[in-house]
Amino acid sequence: MAITTAQSPFRTDPLTGLRIDLTAATLVKVNAVLAVVFLLVGGTAGLLVALTRWPAVHLLPADLFYMALTVHGIVALMVWIIFFEIAVLYFVPTALLSCRLAAPKMAWTQVALMTIGAAITAVAILQGDSSVMMTSYVPMNAAPHFYLGLILFAVGALIGCGVFWGTLVIAKEEKTYEGSLPLTVYGCMVATVIAVFTIASGAIILIPTFLWSLGLIKSIDPMMYRVIWWAFGHSSQQINVTAHITIWYTVAGLAFGAKPMSEKVSRTAFLLYILFLQFGSVHHLLSDPGLSSAWKIFNTSYMMYLAVLASLIHGLTVPGSIEVAQRRNGLNNGLFEWLRKCPWGNPVFSSTILSIIIFGFIGGITGVVMSVEQVNMIIHNTIYVPGHFHGTVAGGTTLAFMGLTYYLIPVLFQRQVIMKPLAALQPWLFGGGMSVFALAIMGAGTLGVPRRHWDITFAGQALGYEWPGLTQMFMAVGEIGGVIAVVGGALFCLIVVGSILMGEPVPADAKNIVAPPADAGGHKEIGAGGFEAPGTFVLAMVLFVTLVLYYFVNFKYLATLWTLT
Ligand code: HEM
Ligand SMILES: [Cu+2]
């Protein structure tokens, strides 16, 4: 197939040596800026929700709380993240394969459809009749344009995946690279394959629901809705995981000259996502009636572990590759010299490493434990669930995207980051606040606090409920962590927009910031005890022991709640 788009001009970036297609660069910038603007909207709604769930503040009335919660979930999880992912899908293949972007007009259509779709859904929510929250479970009914906006947004995202694939075809035809695709481009490709499955599932459930909201279909079965919606909802989280892990590899390569410890293993791990993620969707249905335990347990406990295995592999190989690179460059003393001497004040690095730690220790461990059918009964529909997924999507994905943004400001926008000391602090504020938030509300959830609940005390109702002091403390501490995270998030938006508008231009004679390949230091004999990356091995064992202990604690707690007499 011949592709006949006119050749677009390129520029060679002095900081990275990358050959950048200017049309692609514009589209990456537009998508990334829209993403950041929506992060600000989603974060503001998050602040209102957090200030309402903090019992001592209880800011919004009930109707506005559910409206803010709907805005927050949809804008933060879908709009911010997917706009940013499209930016990644346009940046990674064009920059790393020195290739032009396929079909720029289609890419502009993607921008238009996603923007118009998000705007239509936002208007529907703000009009007040669509506070159905992110999952929009039937038989709750939203206005027709709520669903229509989501459908247009999804069509836009699908076009973005098409442009990515077209770009790969051009790169192959024009022979802009040799051998197999670099791992990071491969990671993006895996994300788009998952995206097609995801968007198809979304269409299968949201188009009939749209027709139902118009009165053209009589009813939608709630259980069927949940099963298919989660084929969409869970898979979209797997896209996020694939995207942020791709960013981990990218940053490890750029900042340290790190190479994956084994390309083959990393590629196989990505493939495991495609093969097994669909089964994981069932972990959202573990407490649902009408589905057999055998089906639930097979899907979540056997098949799902193969996708978890993939995340464990990436979680081991990315820090491992950084360790190997640091040791090859001379930081070979003891277990952790390589880690201590990492550039902790550089927000590209700190965002990425915090993303790895928070995703693994908070999002990952809790996700595995709550996917066990029995344990799920303790935490289902409690505020534990938002605690878990803020570890994955806010601490994991959002932080990784923040890190890549800091990298893109000088490379794409050709501006220096403003307010450097604050930029160095920002990932710690966001990641630290988010960790406190997630851990504390998981504590509250374990003790029974429901999720998506305006007033857990039922004040003024016949059946008021007094929560123990510990639970109230968890809620207060959690939401204070949430407010700190919002400050970190707002600071990020301020620094990004400020740098783009007012940052000093990158000087024309700027030095290359990409680390040379790791073995340039000539240190061949590295590691200890036969391990190339002994420090990472120790950290992996800490993760493993934490997981086992936490698993045990949950079963023990379940046993105390459910005594057999
Ligand atoms: C900036 C700091 C943030 C704060 C303070 C915050 C706070 C909250 C709170 C308090 C809830 C409500 C929990 C409940 O009542 O059940 C919530 C829900 C949620 N948050 Fe966040 N969040 C933040 C960032 C994010 C980010 C970055 C994402 C996604 C990338 C995200 C995705 C979600 C989703 C999907 C929900 C569930 C909405 C629903 O139940 O329909 N949040 N958040
Ligand atoms: Cu899931």
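Shown above is the structure to which this text applies.
The present account deals with the structure reproduced in this document. (Residues numbered from 1 in each chain as written. Chains lettered and ligands numbered in written order. Predicted model: local features only at pLDDT ≥ 70, side-chain atom pairs only at ≥ 80, totals over all residues.)

### What to know about the overall build of the protein
When its secondary structure is counted, the protein shows 15 helices and 2 strands. What you see for the protein is a C-alpha radius of gyration of 23 Å, in line with the 24 Å of a compact globule of 565 residues. In terms of its C-alpha atoms, the protein occupies a principal-axis envelope of roughly 70 × 60 × 45 Å. Burial analysis of the protein (565 residues in total) assigns 50% to the buried set. (Helix = DSSP H or I, 4+ residues; strand = E, 2+ residues; numbered from the N terminus. Rg over C-alpha atoms; globule rule 2.2 N^0.38 Å. Buried ≥ 20, exposed ≤ 12 C-beta atoms within 10 Å, placed from the backbone.)

### A closer look at the site of ligand 1
The immediate surroundings of ligand 1 are formed by 26 residues, with Gly46, Gly73, Met133, Arg451 and Gly482 found nearest. Of all the secondary-structure elements, those providing two or more residues to the shell around ligand 1 are helix H1 (22-53), helix H2 (62-96), helix H12 (384-412) and helix H14 (469-502). Per-element tally for the shell around ligand 1: the top contributor is H2, with 6 residues. Split into classes, the residues belonging to the shell around ligand 1 amount to 14 nonpolar, 9 polar and 3 charged. (Near = placed C-beta within 6 Å. Nonpolar A, V, L, I, M, F, W, Y, C, P; charged D, E, K, R; others polar.)

### Some remarks on helix H7 (residues 263-280)
Think of an α-helix as 3.6 residues a turn; residues three or four steps apart then line up on the same face. For H7, built from 18 residues, the straight-helix expectation of 26 Å at 1.5 Å per residue is met to within 8% by its first-to-last C-alpha distance of 25 Å. At isoleucine 274, H7 shows its maximal bend, which comes to roughly 40°. Within the span of H7, buried status applies to Ser266, Ala269, Phe270, Tyr273, Phe276, Leu277, Gln278 and Gly280. (Expected span 1.5 Å × (residues − 1). Bend = angle between axes of the 7 residues up to and from the residue.)

### Considering the nonpolar core
In a soluble, globular protein the nonpolar side chains are often hidden away together inside. One finds Ala35, Trp80, Phe83, Ala87 and Tyr90 to be the most contacted residues of the largest nonpolar core, which totals 168 residues. Sequence-distant contacts of phenylalanine 83, that is, excluding residues within four places in its chain, are made with Asn31, Leu34, Ala35, Phe38 and Met114. (Core = buried A, V, L, I, M, F, W, Y, C linked by C-beta atoms within 7 Å. Contact = placed C-beta atoms within 7 Å.)

### A word on unusual backbone geometry
The step from valine 138 to proline 139 runs through a cis peptide bond, and the omega angle for that step is 5°. Along the chain, proline 139 turns up in the loop between helix H3 (104-127) and helix H4 (144-173). Within the chain, serine 136 stands out as a residue other than glycine whose phi angle is a positive 40°. Mapped onto the elements of the fold, serine 136 is located in the loop between H3 and H4. With 23 C-beta atoms counted inside 10 Å, the residue serine 136 sits in the buried group. With a phi close to 50°, phenylalanine 458 is a non-glycine residue in the positive phi region. Mapped onto the secondary structure, phenylalanine 458 falls in the loop between helix H13 (420-446) and H14. Classification of phenylalanine 458 as partly exposed rests on a count of 13 C-beta atoms within 10 Å.

### Quick word on helix H6 (residues 222-256)
In this model, H6 (35 residues) spans 50 Å end to end at C-alpha, consistent with the 51 Å of a helix rising 1.5 Å per residue. The principal kink in H6, of about 25°, is found at tryptophan 230. Of all the 35 residues making up H6, 30 are buried; the element is thus mostly covered by neighbouring parts of the structure. Positive phi shows up at glycine 257, right after H6, with a value of about 65°.

### Regarding the environment of glycine 503
Residue position: glycine 503 is located in the loop between H14 and helix H15 (534-561). Here the alpha-carbon distance between glycine 503 and phenylalanine 361, two residues 142 residues apart in the chain, equals 36 Å. Not counting residues up to four positions away in its chain, the partners in contact with glycine 503 are Ile409, Arg415, Gln416, Val417 and Ile418.

### Observations regarding the packing of H4 against helix H5 (residues 183-213)
Orientation of H4 relative to H5, taken along the N-to-C sense of each, is 155°, at an axis distance of 9 Å. When the interaxial angle is binned, H4 and H5 end up roughly antiparallel. Like other packed secondary-structure pairs, H4 and H5 cross with a definite hand, here left-handed. Along the contact surface, H4 presents Pro144, Tyr147, Leu148, Leu150, Ile151, Ala154, Ala157, Leu158, Cys161, Phe164 and Trp165, while H5 presents Cys188, Thr192, Ala195, Val196, Ile199, Gly202, Ala203, Leu206, Ile207, Thr209, Phe210 and Ser213. Among the residues forming the contact of H4 with H5, the class breakdown is 19 nonpolar, 4 polar and no charged. (Axes fitted to C-alpha atoms, helices over the stretch in contact; angles between N-to-C directions. Parallel < 35°, antiparallel > 145°, perpendicular 65-115°, else oblique. Left-handed = near helix turned anticlockwise from the far one by under 90°.)

### Comments concerning the packing of H2 against H4
The relative placement of two packed helices comes down to the angle between their axes together with the axis-to-axis distance. The geometry of H2 relative to H4 is characterised by a closest axis approach of 9 Å and an angle of 5° between their N-to-C directions. For the element pair H2 / H4, the angle class is roughly parallel. Contacts between H2 and H4 pair Ile82, Ile86, Leu89, Tyr90, Pro93 and Thr94 from the former with Ala157, Gly160, Val163, Phe164, Thr167, Leu168 and Ala171 from the latter. A class-by-class count of the residues in the contact of H2 with H4 yields 10 nonpolar, 3 polar and no charged.

### Observations regarding the environment of leucine 286
Note that leucine 286 resides in the loop between H7 and helix H8 (293-328). Taking the C-beta count within 10 Å as the criterion, leucine 286 has 21 such neighbours and is therefore assigned buried. It is 8.2 Å that separates the C-alpha atoms of leucine 286 and valine 372, two residues lying 86 residues apart in sequence. Discounting residues that sit within four places of it in the chain, leucine 286 has contacts with Lys296, Thr300, Glu373, Asn376 and His380.

### Some words on the environment of isoleucine 456
In this structure, isoleucine 456 sits in the loop between H13 and H14. Spatially, the C-alpha atoms of isoleucine 456 and leucine 150 are 31 Å apart, while their sequence positions differ by 306 residues. Once residues within four sequence positions are removed from consideration, isoleucine 456 is found in contact with Val449, Pro450 and Trp467.

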